[in-house]
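Coordinate analysis (summary)
Here's the letter readout for the chains.
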Amino acid sequence: MERAVDRGTRTPDSAEAWSLITRRTDTAIMDADAIVVGGGLAGLVSAARLAEAGADVTLLERRPRVGGRVRSRDVDGFTLDRGFQVLFTSYPAVARELDTGALDLRTFSPGATICRPGSRAVLSDPLREPTAVIESALNHEVPFSDKLRTLALRYDLSKRAEDEFFAGSGSDATIREYLSDWGFSSDYVENFVEPFYGGITLDRSLSTAETVFEYTFRAMSRGSIAVPAEGMAAIPEQLAERAADAGVEVHTGEDVEAVDVGSGGRFRLGSGGPADGARVELADGKTLDARCVVVATTPPEARKLTGVGSIPESGVPNVTAWFSLPERSSFSTGKRILLNAAGESPNAVVPISEVATEYAPRNRPLLAATFLGEAALERDADDLREDAREALSGWYPERGFESLETVAVDRIPFAQFAQPPGVHATLPDPDDPEGPVVLAGEYTEWSSIQGALESGRKAAAAAREHL
């Protein structure tokens, strides 16, 4: 097997310029113990774990490179992820599946800066950043009683067991209702939670299930928010290395048309006698047989391949506009996300190159501005830039932003699956498909990197039962 690592050669079609590892083999695709369809985080974890357990594993990825939605590309020397993405270092699945030391992480400062025209107010975590205690205490955007209540909430969530959050969750409360029940003021909710969790859930209305808030709030109190120095693509690159080292054969550019368990779910494998199994049909007409197939594709594709109706179809969109400033024209944010408390466009601005200088060339600042809702998908790039420029000029009146330049715009119609109250109790289990077919994807857990990695682990365990 020959290994090639592509760190993102620019092409006219930026969608094909994602910087992701590609493993190519000159040998023909063969039948296997397990075939994994899809090379995102869940597929890579499930493939690696199955191979590490001794199975003969083939992974098929439709795109030219593996990585799924966690991708990065190079544009004019800037590293641009596929929309603004971060890694929560305290996620349990991150500790299990990734070598975070090798990722060379760059961390954000705790909390955020609440911004409005002529005003910036830092709200940090006094337990994780003692040096910001006074600045946070003097924050006029959030009442002092809410700051105390936040510490109480943190303590309450710290006592919860890991399996108490999403397993069998049938809660019918939204984040907004949850915060109201806790007694938080409207100032706290509107000035901080709406824009901050608008970035996490892509839902500034706070109509997402309360469990998402609880889990991520606890995660932030236990660890950092970070990005790899070489971009978020470093995460699937590392998983692909692990899978290949375990013996996984990865074939990119292979589109799967169907997965069939056949009559009675029995096919004769190329390696020997009759066995319960499944057949994978490729777009070029070729068929492959396996004792088990792991479907690790996007939710719409997984529904088509498996017929499992509980796979969520409704997605939440996101637009990330990447902007640069001239060389050496940086401004200090304290490595914190800038939240828009006075409007919704943009929802927030992220000083990505201040956190990770490797993302930008020649000391040029790189900013990521996030825009929420369906309407943002259709907005002109110049209009997005003007909104960002106007917001930044109001937050930093001491300097100008006329030189703000658009690097790229990522329009993502399905950035997450929708997570209204009660949805997590309706999500499919890995072994819901008929026959020796298993699901791997965040939609079996919850929409996050934690969900994707954890689903890969559980899918591998389910697949082993068929082997």
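Cut-offs and rules
Residues numbered from 1 in each chain as written. Predicted model: local features only at pLDDT ≥ 70, side-chain atom pairs only at ≥ 80, totals over all residues. Heavy atoms only, no water. Phe/Tyr/Trp six-rings, centres within 6.5 Å; stacked < 30°, edge-to-face > 60°. Helix = DSSP H or I, 4+ residues; strand = E, 2+ residues; numbered from the N terminus. Buried < 20%, exposed > 50% of the residue type's maximum accessible area, 1.4 Å probe, protein only. Lys NZ or Arg CZ within 6 Å of the ring centre and 35° of its normal. pLDDT = per-residue confidence, 0-100. Contact = heavy atoms within 4.5 Å.

**Details of the packing of aromatic side chains**
- Throughout the structure, instances matching the rule amount to 18 aromatic pairs.
- Judged by centre distance (6.0 Å) and plane angle (90°), the ring pair of tyrosine 91 and tryptophan 446 falls under edge-to-face. Separated by 355 residues along the polypeptide, tyrosine 91 in the loop between strand S7 (87-88) and helix H2 (92-97) and tryptophan 446 in the loop between strand S23 (437-439) and helix H13 (449-466) bring together distant segments of the chain. Residues tyrosine 91 and tryptophan 446 agree in their burial class; the two are buried.
- A centroid spacing of 5.5 Å and a plane angle of 55° characterise the contact between phenylalanine 166 and tyrosine 215, whose relative ring orientation is tilted. On the criterion of sequence distance, the pair formed by phenylalanine 166 in the loop between helix H4 (144-158) and helix H5 (175-182) and tyrosine 215 in helix H7 (residues 210-222) is long-range, its members being 49 residues apart.
- Among the aromatic residues, those joined into a ring-pair cluster are Tyr178, Phe184, Tyr188, Phe192, Phe196, Tyr197, Phe213 and Phe217.
- One cation-aromatic arrangement involves arginine 160 over phenylalanine 165; the distance from NZ or CZ to the ring centre is 4.5 Å.

**As for unusual backbone geometry**
- Here serine 345 and proline 346 are connected by a cis peptide whose omega angle stands at 0°.
- Relative to the assigned elements, proline 346 resides in the loop between strand S19 (337-340) and strand S20 (348-350).
- The phi dihedral of leucine 206 is positive, around 60°, even though this residue is not glycine.
- Relative to the helices and strands, leucine 206 resides in the loop between helix H6 (186-201) and H7.

**Points about the confidence of the model for the chain**
- Summary statistics for the chain give a mean pLDDT of 89 and a share of 90% for residues scoring 70 or more.
- Taken as a whole, residues 1-26 scores under 50 in pLDDT and shows 69 contacts with residues more than four places along the chain or in a different chain.
- Predicted confidence is poor over residues 263-275, with pLDDT under 50, and the contacts of this stretch with residues over four places away or in other chains come to 28 contacts.

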